[in-house]
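# Topology and contacts: notes
Letter by letter, the chains look like this.
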2 protein chains.
Amino acid sequence: MATGTRRAQRRTEALSRERIVEAAVELLDAAGESGLTFRVLTERLATGPGAIYWHVANKRELLVAATDAVVADALAARSTGSPREEVHAVALGLFSAIDAHPWLAAQLLLQLSRSPGGPVTPRILESLGRRVRALGVPEEHWFTATSVLMHYVLGAAGQNAANSQVAEPDADRAEFLAATAQAWEALDPEEYETTRLMASQMREHNDREQFLAGIDLVLAGVAALYPGGRA
Amino acid sequence: MATGTRRAQRRTEALSRERIVEAAVELLDAAGESGLTFRVLTERLATGPGAIYWHVANKRELLVAATDAVVADALAARSTGSPREEVHAVALGLFSAIDAHPWLAAQLLLQLSRSPGGPVTPRILESLGRRVRALGVPEEHWFTATSVLMHYVLGAAGQNAANSQVAEPDADRAEFLAATAQAWEALDPEEYETTRLMASQMREHNDREQFLAGIDLVLAGVAALYPGGRA
DNA sequence: ACCTGAACACCGTTCAAGT
DNA sequence: ACCTGAACACCGTTCAAGT
């Protein structure tokens with residue numbers, strides 16, 4: 001079940017940027033961002049650091065490439081349906097990818113703000129923006145509507161992923177949620193009245209259904225501001 | 001204008017957690033997250049690393065404390081007005097704080113997902129959640145509506161902050177936006193048709209007005225789903 | 001109780017040298 | 001063109017020792 005420690009085996013294949021990125025994703029999946037190290041990567045690929053640096057400029061670029069590879073894969077499936085259904089499909093695709101690769105959320109949020117010229121931002125903007133167009137939003141508001149959608153999708157999916165990130169996917173996930181809810185309920189009743197009341201709501205939250213409720217809230221706003229569209 | 005290099009001067013005051021956090025914020029403001037180092041911090045405070053570790057458990061805790069201090073300050077002002085106006089005020093307060101402390105965005109996003117039991121998440125949830133309540137949203141939907149609002153506010157503000165982060169606030173900001181827009185316009189016309197069309201929209205975007213347009217989109221969704229509220 | 005500072009284990013990155 | 005591996009500068013953190 002665990003990714004295990006395979007090393008120095010397939011020395012037959014030559015090193016390539018692709019194989020490096022593939023190994024990077026495996027390391028990230030297995031141990032999170034701190035698990036990706038040139039030392040470990042070097043051992044896994046049975047080479048020296050210089051070999052990796054010949055194919056990749058630096059660690060930042062490697063993280064961008066790993067992120068882009070996973071996102072491209074997550075957005076590859078072409079859905080067909082009403083614009084609303086397609087938005088759901090794209091959002092769930094990203095949700096699932098982040099759930100399967102918990103390190104992805106932080107990388108996406110960082111790269112979105114730090115290097116919007118990189119490959120990842122356009123990929124996500126295009127997938128969502130196309131459906132926003134199809135909803136009948138006027139062109140000058142595409143960017144606003146798409147931005148709201150994108151930030152919610154990534155933020156909420158990231159929050160969800162944190163829950164499964166701890167350890168085993170099932171037992172600890174509920175435990176993590178319960179611990180968070182408890183922390184909120186222990187807050188000062190006067191200063192944090194609303195948060196305390198939201199805690200119970202939060203305890204059984206964070207699955208796909210709750211996630212889509214947020215999407216539909218945004219879509220309701222779109223429909224209200226731009227009537228005549230076809231959701 | 002620059003924060004400059006003051007060091008080893010005020011040795012009179014004793015070391016305290018407060019002074020350490022204060023110095024940490026200064027270093028983060030001056031040089032971003034990579035500028036906060038125990039070596040530099042140690043020099044600035046004219047002590048050894050052991051002294052800092054006596055007041056603070058580790059670097060993560062120091063970042064949480066620095067983030068919390070800045071956010072608490074940003075949310076301190078009590079606004080009065082319609083729920084919609086108050087949501088605007090809270091959102092702009094966070095927007096301004098992130099603009100003034102560009103490292104804040106990444107920290108908020110990380111802490112939101114990695115440690116929602118920490119002090120920062122409840123602070124933001126409470127500020128926004130209280131106004132969501134006032135909008136007339138039924139209790140079982142407070143969390144959804146507040147989440148959408150929160151993720152958009154932090155995501156969009158973070159994206160905006162990246163623009164001023166580069167160097168000088170004025171000249172380079174427009175330059176950064178233009179470079180991003182150009183990168184998008186250079187994309188493949190078939191695969192990225194919508195992103196290319198959004199590029200021009202994006203070029204003069206990212207100020208307060210555009211930011212608030214996203215907020216109003218969410219509020220329109222709230223009003224549509226829960227009529228009878230008073231925005 | 002609070003601080004000192006040398007030491008430890010580790011990191012990303014470079015670069016002369018090989019093939 | 002592609003790879004090796006020792007070395008460099010730096011990091012967060014620890015801990016015996018001081019006051």
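These figures come from a predicted structure and were not determined experimentally.

### Let's talk about the overall build of chain A
Check the secondary structure of chain A and you find 11 helices and zero strands. Secondary structure of chain A in N-to-C order comes out as α-α-α-α-α-α-α-α-α-α-α. Per-residue burial for chain A yields a buried fraction of 51% across its 231 residues. A separation of at least 24 residues holds for 66% of the contacts in chain A among residues at least 6 apart in sequence. Total accessible area on chain A stands at roughly 10500 Å², and carbon and sulfur atoms take up 52% of it.

### Side note on the protein's contact with DNA strand D
Surrounding DNA strand D, one finds 18 residues, the nearest of these being A:Trp54, A:His55, B:Arg39, B:Tyr53 and B:Lys59. Close to the protein, within 4 Å, the atoms of DNA strand D are drawn from sugar and phosphate at a rate of 51%. A distance of 3.0 Å separates a phosphate oxygen of DNA strand D from a polar backbone atom of B:Phe38. Listing elements by their share of the surface near DNA strand D, those giving two or more residues are helix H3 (49–55) of chain A together with helix H2 (38–44) and helix H3 (49–55) of chain B.

### Notes on the interface of chain B and chain A
Each partner contributes residues to the interface: chain B has 60 residues there, and chain A has 60 residues. Roughly 5100 Å² is buried in total at the junction of chain B and chain A, and carbon and sulfur atoms are behind 67% of that figure. At the junction of chain B and chain A, the tally comes to two salt bridges. One salt bridge connects A:Glu193 with B:Arg133, and the closest N-O pair in it is separated by 3.6 Å. Of all the secondary-structure elements, those providing two or more residues to the side of chain B that touches chain A are helix H6 (103–114), helix H7 (120–134), helix H8 (142–165), helix H9 (171–185), helix H10 (193–203) and helix H11 (208–225) of chain B. With 16 residues, H8(B) is the largest single contributor of residues to the side of chain B that touches chain A. A class-by-class count of the residues in the side of chain B that touches chain A yields 30 nonpolar, 20 polar and 10 charged.

### Regarding the packing of aromatic side chains
In the structure shown here, the tally under the stated rule is eight aromatic pairs over all chains. Relative to A:Tyr53, the ring of A:Phe38 has its centre 4.8 Å away and its plane inclined at 15 degrees; by these criteria the two rings are stacked. Pair noted here: A:Phe38 is in helix H2 (residues 38–44) and A:Tyr53 is in helix H3, with a separation of 15 residues, a long-range link. Each ring, one from A:Phe143 and one from B:Trp184, has its centre 6.3 Å from the other, and the planes form 45 degrees; the classification is tilted. Note that A:Phe143 is positioned in helix H8 (residues 142–165) and B:Trp184 in helix H9, a pairing that runs across two chains.

### A short note on the side chain of B:Thr194
Its location among the elements puts B:Thr194 in helix H10. Residue B:Thr194 is classed as buried on the basis of its relative accessible area, which comes to 1%. Setting aside anything within four residues of it in sequence, one finds B:Thr194 in contact with A:Glu126, A:Gly129, A:Arg130, A:Arg133 and A:Trp142.

### Considering helix H4 (residues 59–74) of chain A
All names here are of chain A. The end-to-end C-alpha separation of H4 is 23 Å, in line with the 22 Å expected for 16 residues at 1.5 Å each. Taken residue by residue, H4 has Leu62, Leu63, Val64, Ala65, Ala66, Thr67, Asp68, Val70 and Val71 as its buried positions. Taken together, the buried residues of H4 touch helix H1 (17–31), H2, helix H6 (103–114) and helix H7 (120–134). Sitting at the amino-terminal end of H4 is Asn58, which places a side-chain oxygen 3.3 Å from the backbone nitrogen of Arg60.

### Looking at the protein's contact with DNA strand C
Taken together, the neighbourhood of DNA strand C is formed by 18 residues, with A:Arg39, A:Tyr53, A:Lys59, B:Trp54 and B:His55 sitting nearest. For DNA strand C, the fraction of protein-proximal atoms (within 4 Å) that sit in sugar or phosphate groups is 51%. One nitrogen or oxygen atom from the main chain of A:Phe38 is found 3.0 Å from a phosphate oxygen belonging to DNA strand C. In this structure, B:Gly50 approaches DNA strand C through a main-chain N or O atom, which is 3.1 Å from a base oxygen.

### Focus on the UniProt feature "DNA-binding region" (unreviewed entry) in chain A
The UniProt entry lists residues 37–56 of chain A under the feature "DNA-binding region" (unreviewed entry), expressed in the numbering used here. For residues 37–56 of chain A, helix accounts for 70% and strand for 0%, while the C-alpha atoms at its two ends are 14 Å apart.

### Considerations on the pattern of salt bridges
Residue and element names in this part refer to chain B. Applying the stated criterion across every chain, the model contains 16 salt bridges over all chains. The closest approach of N and O atoms between Glu126 and Arg130, which form a salt bridge, is 3.1 Å. Of this pair, Glu126 and Arg130 are both found in helix H7, four residues apart, which corresponds to roughly one turn of the helix.

### Re the relation of the copies chain B and chain A
Copies of the same chain, two in number, are related to each other by a rotation about an axis and a translation along it. Of the two same-sequence chains, chain B is brought onto chain A (RMSD 0.0 Å, axial shift 0.0 Å) by a rotation of 180 degrees. Look at the turn and shift together and you get a two-fold axis relating the two. Within chain B, the C-alpha atom positioned nearest to the axis of rotation is that of B:Gly221, 1.7 Å from it. Both copies share a contact surface, since 100% of the interface residues of chain B are interface residues in chain A too.

### A short note on unusual backbone geometry
A positive phi angle, close to 55 degrees, is found at A:Ala46, a residue other than glycine. Relative to the elements of secondary structure, A:Ala46 occurs in the loop between H2 and H3.

### Some points on the environment of A:Ser127
Residues and elements named next belong to chain A. Along the chain, Ser127 turns up in helix H7. Given the relative accessible area of 12%, Ser127 is considered buried. In this structure, the C-alpha to C-alpha distance between Ser127 and Ala77, residues 50 residues apart in sequence, is 11 Å. The contact partners of Ser127, leaving out residues within four places of it in the chain, are Leu75 and Val90. At a separation of 3.2 Å, a polar atom in the side chain of Ser127 contacts the main-chain carbonyl oxygen of Arg123.

About the cut-offs
Residues numbered from 1 in each chain as written. Chains lettered and ligands numbered in written order. Predicted model: local features only at pLDDT ≥ 70, side-chain atom pairs only at ≥ 80, totals over all residues. Heavy atoms only, no water. Helix = DSSP H or I, 4+ residues; strand = E, 2+ residues; numbered from the N terminus. Buried < 20%, exposed > 50% of the residue type's maximum accessible area, 1.4 Å probe, protein only. Contact = heavy atoms within 4.5 Å. Areas by Shrake-Rupley, 256 points an atom, 1.4 Å probe, with all protein chains shown as cover. Near = heavy atom within 4 Å. Polar contact = N/O pair within 3.5 Å; in protein donor to acceptor, adjacent residues only side chain to side chain. Buried area = accessible area lost by both parts, 1.4 Å probe. Salt bridge = Lys/Arg side-chain N within 4 Å of Asp/Glu carboxyl O. Nonpolar A, V, L, I, M, F, W, Y, C, P; charged D, E, K, R; others polar. Phe/Tyr/Trp six-rings, centres within 6.5 Å; stacked < 30°, edge-to-face > 60°. Expected span 1.5 Å × (residues − 1). UniProt positions renumbered as here; feature names shortened; annotations may be inferred. Least-squares fit on C-alpha atoms with pLDDT ≥ 70 in both.

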